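# Close look at the chain arrangement
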Amino acid sequence: MHGRVKVKTTAQQEEEKRKEREKKLKVYVAARDACFSKRKDGVFDDEALQLTQQLLSANPDFATLWNYRREILTHLETVKDEDEAQKIYEAELSFLESCLKVNPKSYGSWHHRGWVSARLPRPDWARELSLCDRCLSLDDRNFHCWDYRRTVVKMSGVPVKQELDFTDRLIGSNFSNYSSWHYRSTLLPLLHPGSPEPPPSRCGGDPPHSCSPPSPQTHFHRVCEEQLLKEYELVQNAFFTDPNDQSAWFYYRWLLGRAEREEMISCAYVSREQERVAVAFSRPVNAQSGGLLLVLDGQPQRVEWRSVHPHFKHSPVWICDLPPGTISDVANEHNLTVHWTEKHTHRDCALYTGRSESWCRDTATDLELFRSELSVEKTSVLQSELQSVNQLQELEPLNKWCLLTIILLMRALDPLGYEKETLAHFQTLKEVDSMRSAYYSDLCSKFMIENTILKMEYAEVRVFSISDRNLTTLCHLDQLLLVTHINLSSNQLRRLPPQFAMLQCLEVVEADNNSIENLEGVYHLPKLEEVSLKNNKISTLADLQPLASCPKLRRLDLRGNPVTQTANVESELAELLPSVADLLL
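In this text the structure is predicted, and so the values were computed from the model without any measurement.

### Digging into the nonpolar core
The biggest cluster of nonpolar side chains holds 103 residues, and the ones touching the most others in it are Ile486 and Phe500. No other element matches helix H13 (residues 400–413), which puts 11 residues into this core. With 22 residues, the next largest nonpolar core counts Phe62, Tyr68, Leu76 and Phe95 among its residues.

Quick look at the structure:
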């Protein structure tokens, strides 16, 4: 096994080996017990240091002994001068190198080396970098060493350019070096950062002049376009060399991805009828931990923020109720500001006379949430990349990485224009890589939902219709806070998840001809009036319990569901949902 020749041994030789092992074990156990006894007695002397060294040389993954050894060294620091401490720690580094020869991927050894280097009076960072170079030359996927190298680089102030050149060398010698590609992705934004302009905010239900100034917007981990174009060429050389190696494909996917957005308030919505405020964030947050302040007409309000569903401690959407009578009079105008003090950002919203609701938000298009705006040069380069990968796909028709990258390139260039081709490629992917068919179905669903959000925003409507698209999952529901009508019919959905409760303005739900068994997300939707669930798999009255939390529900269509065969179903539903006047079974 592992290239070693198995040598036959006699019974006598086996017995001799057994006795030898027992002898070594007794010595090891005796030394271990002596260490434990010394530690219990609070002894931190040179003998204890030698005992731990003896044990760790044989087994460098004994975490308790490393902890004891650190206690000993910390004590010795207090009784030695700086030069003596320097010699002790230098000897410790030499000892650690011997441990790493026993096990180059020892968690304990690498962690202890980081601890020693941090305490060394006069550290030799060049030596530590050299050690990392040697270890990575033996195994370029030793992630323990990569972690330690990042620590050394940070503490010693190695220039980012020098580290980027280091990844160049490793990738040049081995395109399949996933760790080098990943390290490169952390360095590029530092050396070649991009700086996009902030997007404009949009307000609804108000005159044009009512919009507040846009919140500051910073894109993290973004790389400037000039460098991105160079990276495309580098990674193309890699996957053309070995189309079946996933390392370069993963890096290419990162290059095509969108940068992380700053944590911000993306939408503020106020309803006069419900006397409720809803706030959407750029990521899930815990508003109950403090830092969220509501100011109405210049006066701070004492309100209780809650997530849209009890399952969420962190949620992208939070709501609060204003004191009764605060904004209910349509003859009055109100100015509302939500401050997120933790992130030093805010969102203004004006509720004008005669208006029943108002909002101010950044759209998915404004935020480049699903697609970045491309320059002429970048568009030309990506078109060329798409052509090249298409050529590769002709040579490697069953290569899943190639197919997936074609989809990502199409989405980067024109997600709506390439929608038909994208769907066809997803179908091929499911056939080529059938074990991951469910993953591709969910990813395809995600992309189709993104496209539908873009179409909805271009049309400036509050109706979200995505029927007959073979959806298997729902996502980006925080982007649908203002939607009043949603059509999810004729898909493959099995549930309306808790995130569905983010649709706080929803009035009509159409979800016929799915496989829905769970309505967990239809929870406390204050405006919901109509729900159509024909031909699904709702089997018990308990499955319909969430609907009881929707006070305005008037119409419910359950035709074609197993629950309709339940005895006394009509009377039971009348008791469960007394507000429903139009019930179809």
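On we go from here.
### Looking at the pairing of strand S4 (residues 265–271)
Successive residues of a regular strand alternate their side chains across the two faces of the sheet. A large share of S4 lies buried, amounting to seven of its seven residues. As paired elements, S4 and strand S5 (residues 276–285) share six bridges and run antiparallel to each other. Within S5, the residue paired with Ala268 across the bridge is Val279. Relative to strand S12 (residues 357–361), S4 runs antiparallel, the two being bridged by five bridges. Paired with Tyr269 across the two strands is Trp359, which belongs to S12.

### Some details on the sheet that holds strand S10 (residues 334–340)
The strands making up a sheet are joined through hydrogen bonds of the backbone, oriented either antiparallel or parallel. Ordered by their spatial adjacency, four strands build an open sheet running S7-S6-S10-S11, and the pairing between neighbours is antiparallel. Unpaired on one side and paired on the other, strand S7 (299–301) and strand S11 (345–351) mark the two borders of the sheet. Each adjacent strand pair in this sheet contributes to an overall mean axis angle of 25°, direction not counted. Where strand S6 (residues 292–296) meets S10, five bridges bridge the pair, whose relative direction is antiparallel. Along S10, the bridge assignment pairs Leu294 with Val338.

### Considerations on the packing of helix H14 (residues 419–432) against helix H15 (residues 437–459)
Axes are the key here: two packed helices are described by the angle between their axes and the distance separating the axes. In contact at an axis separation of 9 Å, H14 and H15 are set at 170° when each is read in the N-to-C sense. One finds that H14 runs roughly antiparallel with respect to H15. On H15, the residues that touch Glu419, Leu423, Phe426, Leu429 and Lys430 of H14 are Ser437, Tyr440, Ser441, Leu443, Cys444, Phe447, Met448, Asn451 and Lys455. A class-by-class count of the residues in the contact of H14 with H15 yields eight nonpolar, three polar and three charged.

### Points about the packing of aromatic side chains
In the structure shown here, the tally under the stated rule is 19 aromatic pairs. Ring pairs connect the aromatic residues Tyr232, Phe239, Phe240, Trp249 and Tyr252, which therefore count as one cluster. The ring of Phe166 carries the charged tip of Arg149 above its face, separated from the ring centre by 3.6 Å.

### Notes on the pairing of S5
Counted residue by residue, S5 has eight buried out of 10 residues, so it is predominantly covered. Between S4 and the antiparallel strand that follows it, S5, lie four residues; Glu275 among them carries a positive phi value of about 50°. Two strands pair when backbone bridges link them, and S5 and strand S9 (residues 315–321) are joined in this way by six bridges, in the antiparallel orientation. Bridging from a neighbouring strand, Ala280 pairs with Val317 of S9.

### A look at helix H3 (residues 63–79)
Over its 17 residues, H3 extends 25 Å from the first C-alpha to the last, a length consistent with the 24 Å expected when each residue adds 1.5 Å. When H3 is considered as a whole, its buried residues turn out to be Leu65, Trp66, Tyr68, Arg69, Arg70, Ile72, Leu73 and Leu76. Packed against the buried residues of H3 are helix H1 (11–40), helix H2 (46–58), helix H4 (82–102) and helix H5 (107–119).

### Brief notes about helix H12 (residues 376–395)
Spanning 20 residues, H12 covers 29 Å between terminal C-alpha atoms, matching the ideal 28 Å at 1.5 Å per step. Burial in H12 covers these residues: Lys378, Leu382, Glu385, Leu386, Ser388, Val389, Leu392 and Gln393. Considering only its buried residues, H12 is in contact with helix H10 (225–241), helix H11 (246–256) and H13.

### Concerning the pattern of salt bridges
Considering all chains together, one arrives at 39 salt bridges under this definition. A salt bridge links Lys455 to Glu419, with the nearest nitrogen and oxygen atoms 3.4 Å apart. One end of the pair, Lys455, is in helix H15; the other, Glu419, is in helix H14, and 36 residues separate them in sequence. A residue is classified by how much of its surface remains accessible, and Lys455, at 38% relative accessible area, is partly exposed. Since its relative accessible area comes to 11%, Glu419 is described here as buried. Residues joined in a network through salt bridges with shared partners are Glu97, Arg113, Arg127, Glu128 and Arg134.

### Remarks on the packing of helix H6 (residues 125–138) against helix H7 (residues 143–156)
Between H6 and H7, the shortest axis-to-axis distance is 10 Å and the interhelical angle comes to 155°. Put simply, H6 runs roughly antiparallel to H7. The way H6 lies across H7 gives a crossing that is left-handed. Residues Trp125, Glu128, Leu129, Cys132, Asp133, Cys135 and Leu136 of H6 lie in contact with H7, whose contacting residues are Cys145, Trp146, Tyr148, Arg149, Val152, Val153, Met155 and Ser156. By residue class, the composition of the contact of H6 with H7 is 11 nonpolar, one polar and three charged.

### Remarks on the UniProt feature "domain: Rab geranylgeranyltransferase alpha subunit insert-domain" (unreviewed entry) in the protein chain
UniProt records the feature "domain: Rab geranylgeranyltransferase alpha subunit insert-domain" (unreviewed entry) for residues 265–364 in the present numbering. The distance separating the terminal C-alpha atoms of residues 265–364 is 13 Å; by composition the span is 0% helix and 53% strand.

### A few points about unusual backbone geometry
Residues other than glycine predominantly adopt negative phi, and peptide bonds predominantly adopt the trans conformation. Phi at His524 takes a positive value of approximately 50°, unusual for a residue other than glycine. You can see His524 is positioned in the loop between strand S15 (508–510) and strand S16 (530–532). A positive phi is found at Asn568, a non-glycine position, where the angle reads about 60°. When you line up the elements, Asn568 lands in the loop between strand S17 (555–557) and helix H16 (569–576).

### Structural notes on the environment of His334
Positionally, His334 belongs in strand S10. Classification of His334 by relative accessible area gives buried; the value is 7%. For the pair His334 and Ala350, spaced 16 residues apart in sequence, the C-alpha separation works out to 5.9 Å. When residues no more than four places from it in sequence are discounted, the contact partners of His334 are Arg272, Leu296, Asp297, Thr326, Ile327, Cys349, Ala350 and Leu351. A distance of 2.8 Å separates a polar atom in the side chain of His334 from a polar atom in the side chain of Asp297.

Parameters at a glance
By convention here, each chain's residues receive numbers from 1 onward along its written sequence. Local features in this predicted model are restricted to residues of pLDDT 70 or higher, and side-chain atom pairs are both shown and tallied only at a pLDDT of 80 or more, whereas totals for entire chains, interfaces and linings draw on every residue. The basis for every side-chain value is the complete set of heavy atoms in the structure, and neither hydrogens nor water enter the calculation. Residues belong to a common nonpolar core when they are buried Ala, Val, Leu, Ile, Met, Phe, Trp, Tyr or Cys residues joined through side-chain atoms within 4.5 Å. Each residue is placed in one exposure class: buried if its accessible area under a 1.4 Å probe, protein chains only, is under 20% of its type's maximum, exposed if it is over 50%, and partly exposed if it falls in between. Per the convention used, a helix needs a DSSP run of H or I reaching at least four residues, while a strand needs a run of E reaching at least two, with both numbered from the N terminus. Pairing between two strands requires that DSSP report at least two bridges joining them. Axis lines are fitted through C-alpha atoms, for helices just across the contact stretch, and the angle between N-to-C directions can take any value from 0 to 180 degrees. Any angle that is under 35 degrees is reported as roughly parallel, and any over 145 degrees as roughly antiparallel; angles of 65 to 115 degrees are reported as roughly perpendicular and all others as oblique. Working rule for contacts: check all heavy atoms of both residues, and any pair within 4.5 Å makes them a contact. Here the nonpolar group is Ala, Val, Leu, Ile, Met, Phe, Trp, Tyr, Cys and Pro; Asp, Glu, Lys and Arg are the charged ones; every other residue, Gly included, is treated as polar. Here is the rule: rings of Phe, Tyr and Trp (six-membered ring for Trp) pair when centre to centre is within 6.5 Å. Planes less than 30 degrees apart are stacked, more than 60 are edge-to-face, and the remainder are tilted. Charge over a ring is defined by NZ of Lys or CZ of Arg lying within 6 Å of the ring centre and within 35 degrees of the ring normal. Helices are assigned an expected span. That span is 1.5 Å times one less than the residue count. Should a side-chain nitrogen of Lys or Arg be within 4 Å of a carboxyl oxygen of Asp or Glu, the pair is scored as a salt bridge. Take the far helix as your reference; a near helix turned counterclockwise from it by less than a right angle gives a left-handed crossing, and one turned clockwise gives a right-handed crossing. UniProt positions are given in the numbering used here, feature names are shortened, and annotations may be inferred rather than shown by experiment. In protein, a polar contact requires one atom able to donate a hydrogen and another able to accept it; more generally it is a pair of N or O atoms within 3.5 Å, and residues adjacent in sequence count only if both atoms are side-chain atoms.

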